[in-house]
Amino acid sequence: KAGVTQTPRYLIKTRGQQVTLSCSPISGHRSVSWYQQTPGQGLQFLFEYFSETQRNKGNFPGRFSGRQFSNSRSEMNVSTLELGDSALYLCASSSGQTLGAFFGQGTRLTVV
Amino acid sequence: DQQVKQNSPSLSVQEGRISILNCDYTNSMFDYFLWYKKYPAEGPTFLISISSIKDKNEDGRFTVFLNKSAKHLSLHIVPSQPGDSAVYFCAASPTGTASKLTFGTGTRLQVTL
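Residues numbered from 1 in each chain as written. Chains lettered and ligands numbered in written order. Predicted model: local features only at pLDDT ≥ 70, side-chain atom pairs only at ≥ 80, totals over all residues. Heavy atoms only, no water.

J.: What is the right way to read the state of the cysteines from this model?
T.: In a disulfide, the sulfur atoms of two cysteines are covalently bonded to one another. Residue and element names in this part refer to chain B. Here the structure, examined in full by the defined rule, presents two disulfides over all chains. Here Cys 23 engages in a disulfide with Cys 90; their sulfurs sit 1.9 Å apart. As the torsion about the S-S bond is roughly 65°, the Cys 23-Cys 90 disulfide counts as right-handed. Of this pair, Cys 23 sits in strand β3 (residues 19–25) while Cys 90 is found in strand β9 (residues 86–93), placing the two residues 67 residues apart along the sequence. For the pair Cys 23 and Cys 90, a shared accessibility class is recorded, and that class is buried. (Disulfide = S-S within 2.5 Å. Helix = DSSP H or I, 4+ residues; strand = E, 2+ residues; numbered from the N terminus. Buried < 20%, exposed > 50% of the residue type's maximum accessible area, 1.4 Å probe, protein only.)

J.: Help me out: how do you make sense of the sheet that holds strand β8 (residues 72–77) of chain B in this one?
T.: Hydrogen bonds along the backbone pair up the strands of a sheet, which may run parallel or antiparallel. Residue and element names in this part refer to chain B. Reading across from one edge, β1-β3-β8-β7-β6 is the order of the five strands in this open sheet, with antiparallel pairing throughout. Two strands lie at the open edges of the sheet, namely β1 (4–5) and β6 (56–59), each paired on one side alone. Pairing between β3 and β8: six bridges, direction antiparallel. Bridged to Asp 24 within β8 is His 72. (Pairing = 2+ DSSP bridges.)

So, in structure tokens, the structure goes:
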């Protein structure tokens, strides 16, 4: 069974630009969550999508948005990038039951 | 406000001995807890989870204990192996599932020969 796939693995963007990250969950998993990891703040929850609907949301500004498609693949978009958005962005998929959430390798975003 | 705390940034244990990693939480709404292992530049690897209706869950060498009254959980690894050397994160959720996770700051475990 394939794991969680995130693309691209690395990305360099300029301040003010926007970026879209992609996540393909484990087959059969309908829940996809996004997390940001930075040295200063650790791992922080961005939002969760389940069956194409945002189910939970963390405390991030509206510049961070996402969506989920009918095949459960999810995209995350960050608009008007700031230097502080440089981070490892992780996607996690789960079956929605009381099991673990399984993470992808992440996308390393650098904003210059 | 750090709702999930791992007060030991690092731990060193000899191979074959028990490793005990601790985690404290403050939010009484948390009802599902997980442990992850992480290597640099990789995503966390799920190890084991426990629901708040239980006080213990075992999976092979890994056992998680939950003390709800103390708002404390621990991960026991027995016996510890060199391959267990990594950063361990505990995480908690208020949804009863593995979503909307709040992570601790991590404990670096080193298993020595």
